[in-house]
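What follows is each chain in one-letter form.
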Amino acid sequence: MRRSISAVAAAVAATLAIVAATAATAEADSTVTLGPTAIRVAGGPVQIRSSWLQDNPGWSGCTAAGGNLHCYLPSDIREAYGVDQLPEQGERQTIVLVDSYGSPRAADELQAFHDAFMPTFPEPNFDQIFPIGNPQEKGNPNANGQSGPGAAAGWAGEAALDVQWAYAIAPKAHIVLLATPPAETLGVQGFPNLFKAIDGAIDTYPAGTVFSMSLGVAEQTFGGAAGVQTARFDQVFQKGIAKGDSFFVASGDNGTTGLTKQQKDSRTYPFPTAGWPTSSPYVTSVGGTQLQFGWTWDPQSDVPFNADGSFNSAYFQSTAGDNLNVVWNESWLPAATGGGPSAVYPLPSWQSDVESIVGGDHRGTPDVSWNAAVNGAVLVNLQSFMAPEDYGFYLIGGTSAATPQVAALTALANERRESMAEPPLGNVAPRLYSIAAGAFVDVAPTHQGAAGVISGNLDSNTMFDYNGDGNAVTVGSVPGWPTLAGWDMTTGFGTPWAPTYVSELAAS
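The rules behind each value
- Residues numbered from 1 in each chain as written.
- Predicted model: local features only at pLDDT ≥ 70, side-chain atom pairs only at ≥ 80, totals over all residues.
- Heavy atoms only, no water.
- Helix = DSSP H or I, 4+ residues; strand = E, 2+ residues; numbered from the N terminus.
- Buried < 20%, exposed > 50% of the residue type's maximum accessible area, 1.4 Å probe, protein only.
- Contact = heavy atoms within 4.5 Å.
- Areas by Shrake-Rupley, 256 points an atom, 1.4 Å probe, with all protein chains shown as cover.
- Phe/Tyr/Trp six-rings, centres within 6.5 Å; stacked < 30°, edge-to-face > 60°.
- Lys NZ or Arg CZ within 6 Å of the ring centre and 35° of its normal.
- Expected span 1.5 Å × (residues − 1).
- Bend = angle between axes of the 7 residues up to and from the residue.
- Salt bridge = Lys/Arg side-chain N within 4 Å of Asp/Glu carboxyl O.
- Arc of directions from axis to C-beta.
- Pairing = 2+ DSSP bridges.
- Axes fitted to C-alpha atoms, helices over the stretch in contact; angles between N-to-C directions.
- Parallel < 35°, antiparallel > 145°, perpendicular 65-115°, else oblique.
- Left-handed = near helix turned anticlockwise from the far one by under 90°.
- Nonpolar A, V, L, I, M, F, W, Y, C, P; charged D, E, K, R; others polar.

1. Some points on the overall build of the chain
Part 1 of the reasoning: Per the secondary structure count, the chain includes 13 helices and 25 strands.
Part 2 of the reasoning: For the chain, with 508 residues in total, the buried portion stands at 62%.
Part 3 of the reasoning: Taking the intrachain contacts of the chain between residues at least 6 apart in sequence as the baseline, contacts between residues at least 24 apart amount to 78%.
Part 4 of the reasoning: Put simply, the chain shows about 16400 Å² of open surface, and 52% of that area lies on carbon and sulfur atoms.

Right, dumping it as structure tokens:
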């Protein structure tokens, strides 16, 4: 789903909408819908057909779109990243999810998620708060505005994703949905209210609260006043860090392509951009991977859709087995993880070891990554602003799926620290550059696909090449950054291996 206010970047919305609509017409048992505005949505959601649910009461081997797309349950993600090996479940921890508008049925959606996938886990401890007033009554999914009734309907899906997947990782945590109007519209109106609400939450919730933000804009949005404006908002982050709070922000879903304010955010900058607030040195930037858990992508064609718009199974073909994370770079959407050197912030001292990769005196992002793919998406229960017959589980991808999960995993590290009589972590990003490499699984350059079937008119971002030949991660003509062995500006250090990640942060 479109990661709401930019979960900084999902696919160029117009292009993604065309691809999604084409796919939907071809699959009678699947529908593809997107968020309401051009501020970024990653690829979906794709509704699971009811026959699949009826035929798979054990929720095993989740697929959608005629078996062409893979999807994950909480049990899959917890096993793939080692979360199921941890004794911690988030007890006495608080996770605040920051979303414009929130979701009027968030509690019902979370309960349905719990009952379907996690019935043996504790009942959710969930609150939705509206520190600047409740904007949800006027939600209208048919409205066209970037901020208002239509935006409220679109943001509800983002909120559902954040709430349910934070719970999936930390089911005993107190999960708070912090909802504010209006939507962030590329820095014009939304950020002041968002940060006012965050400031209040810092005062309200206990030390060590973990905040997750699946939103953002290109740094250039702020124009010549970028340094001044971001410094004002950064004061809120610094206030939270001073009491031990931590902040996680999605790196985006549109590679290095940033949307401008022109024509309702339908135009892009012609040069690589980094997103904000993910570029702030006071947050941990979360990039995206494609998790191939129980399957391995093995395309035999470079054409994702047939002439009639249906999914080309040869392109989406996979083999059984494996637990592999590759950089998130789904050309068929198109969508890809965000990242790059900041145009606002200098290189922090704690990133000195990666200065040569960043290319100079710039904060580099992301710091870490997690599954964000649409082919390999997570299941989310959606009900808000829908007819009852449309309630159900949808596939949603994007770094807005990755971010609340990494935030929730870090809450488990705070729980461990509390048991050791240690203070909460505060700003996590600097700590990531000093803990053991074993806390992460590196996302290495990987080539997938049959040899000799790549057509000659493709650019370097082929459907088969996850930077196996040093190609850049990009969704279009704007240059991107390569995935490298070790830290890079697509996946950071890679994906956390939960047992080591928690123990290293607990001891740091």
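From this point on, the discussion continues.
2. Details of the packing of aromatic side chains
Part 1 of the reasoning: Here the structure, examined in full by the defined rule, presents 27 aromatic pairs.
Part 2 of the reasoning: Arranged with centres 6.1 Å apart and planes meeting at 25°, the rings of Phe191 and Phe222 form a pair that is stacked. Here Phe191 is found in helix H6 (residues 190–204), whereas its partner Phe222 is found in the loop between strand S8 (217–218) and helix H7 (226–242), with 31 residues between them in sequence. Summarising the burial analysis for this pair, Phe191 and Phe222 share the class buried.
Part 3 of the reasoning: Each member of the aromatic cluster is reached from another via a ring pair, and the members are Phe191, Phe195, Phe211, Phe222, Phe233, Phe237, Phe247 and Trp276.
Part 4 of the reasoning: A cation over a ring is seen here: Arg232 above Phe233, with NZ or CZ 4.8 Å from the ring centre.

3. Comments concerning H7
Part 1 of the reasoning: The terminal C-alpha atoms of H7, which comprises 17 residues, lie 24 Å apart, in line with the 24 Å expected from a rise of 1.5 Å per residue.
Part 2 of the reasoning: Helix geometry: H7 is bent most strongly at Arg232, by close to 25°.
Part 3 of the reasoning: Residues Ala226, Thr230, Phe233, Asp234, Val236, Phe237 and Gly240 constitute the buried set of H7.
Part 4 of the reasoning: Next to the buried residues of H7 lie H6, strand S7 (210–213), strand S9 (246–250) and strand S10 (275–276).
Part 5 of the reasoning: Gly244 occupies a position one or two residues after H7 and carries a positive phi of about 100°.

4. A look at the pattern of salt bridges
Part 1 of the reasoning: Overall, the coordinates contain 8 salt bridges when judged by the stated rule.
Part 2 of the reasoning: For the salt bridge of Glu91 with Arg92, the shortest nitrogen-to-oxygen distance reads 3.9 Å.
Part 3 of the reasoning: The exposed category is assigned to Arg92, whose relative accessible area is 51%.
Part 4 of the reasoning: With a closest N to O distance of 2.9 Å, Lys243 and Asp245 form a salt bridge.
Part 5 of the reasoning: For Asp245, a relative accessible area of 0% translates into the label buried.
Part 6 of the reasoning: Put simply, Glu91, Arg92 and Glu418 are held in one network by salt bridges that share partners.

5. As for unusual backbone geometry
Leaving glycine out, the prevailing phi sign among residues is negative, and the prevailing peptide bond configuration is trans.
Part 1 of the reasoning: Note that the residue after Trp276, namely Pro277, is joined by a cis bond; omega there is 15°.
Part 2 of the reasoning: Within the element layout of this structure, Pro277 appears in the loop between S10 and strand S11 (284–297).
Part 3 of the reasoning: Pro334 follows Leu333 through a cis peptide bond whose omega is -5°.
Part 4 of the reasoning: Position of Pro334 relative to the elements: it lies in the loop between strand S13 (329–330) and strand S14 (335–336).

6. Some details on helix H4 (residues 106–117)
Part 1 of the reasoning: Taking 1.5 Å of rise per residue, the 12 residues of H4 would be expected to cover 16 Å, and the 16 Å separating its terminal C-alpha atoms lies within 8% of that figure.
Part 2 of the reasoning: Among all positions in H4, only Ala106, Glu109, Leu110, Phe113, His114 and Phe117 are buried. With its buried residues spanning 135° around the axis, H4 presents them on a single face.

7. What to know about the pairing of strand S18 (residues 377–382)
Part 1 of the reasoning: Along S18, 6 of the 6 residues are buried, which leaves the element largely enclosed by surrounding structure.
Part 2 of the reasoning: Looking at chain direction, strand S3 (residues 69–72) and S18 are connected through 2 bridges and run parallel. If you follow Cys71 over to S18, its bridge partner there is Ala377.
Part 3 of the reasoning: Bridge analysis of S18 against strand S19 (residues 392–396) gives 5 bridges, and the strand direction is antiparallel. Bridge assignment links Asn381 to a residue of S19, and that residue is Phe393.

8. Section: the packing of helix H11 (residues 399–419) against helix H13 (residues 498–507)
Part 1 of the reasoning: Where H11 contacts H13, the two axes come as close as 8 Å, and the packing angle between them is 50°. Taken together, the axes of H11 and H13 are oblique relative to one another. The element H11 and its partner H13 pack so that their crossing is right-handed. Contacts between H11 and H13 pair Val406, Leu409, Thr410, Leu412, Ala413, Arg416 and Arg417 from the former with Ala498, Tyr501, Val502, Ser503, Leu505, Ala506 and Ala507 from the latter.
Part 2 of the reasoning: Classifying every residue of the contact of H11 with H13 by side-chain character gives 10 nonpolar, 2 polar and 2 charged.

9. Considerations on the environment of Ala407
Part 1 of the reasoning: The residue Ala407 is located in helix H11 in this model.
Part 2 of the reasoning: The class for Ala407 is buried, based on a relative accessible area of 0%.
Part 3 of the reasoning: Setting aside residues up to four positions removed in sequence, Ala407 forms contacts with Val210, Phe211, Ser212 and Phe248.

10. Comments concerning the packing of H6 against H7
Part 1 of the reasoning: As a packed pair, H6 and H7 sit with axes 10 Å apart at the nearest point and diverge in direction by 15°. It follows from the interaxial angle that H6 and H7 lie roughly parallel. Helix-helix and strand crossings are classified by hand; for H6 and H7 the assignment is left-handed. Where H6 abuts H7, its residues Phe191, Pro192, Phe195, Ile198, Asp199, Ile202 and Asp203 lie against Phe233, Val236, Phe237, Lys239 and Gly240.
Part 2 of the reasoning: Considered class by class, the residues forming the contact of H6 with H7 number 8 nonpolar, 1 polar and 3 charged.

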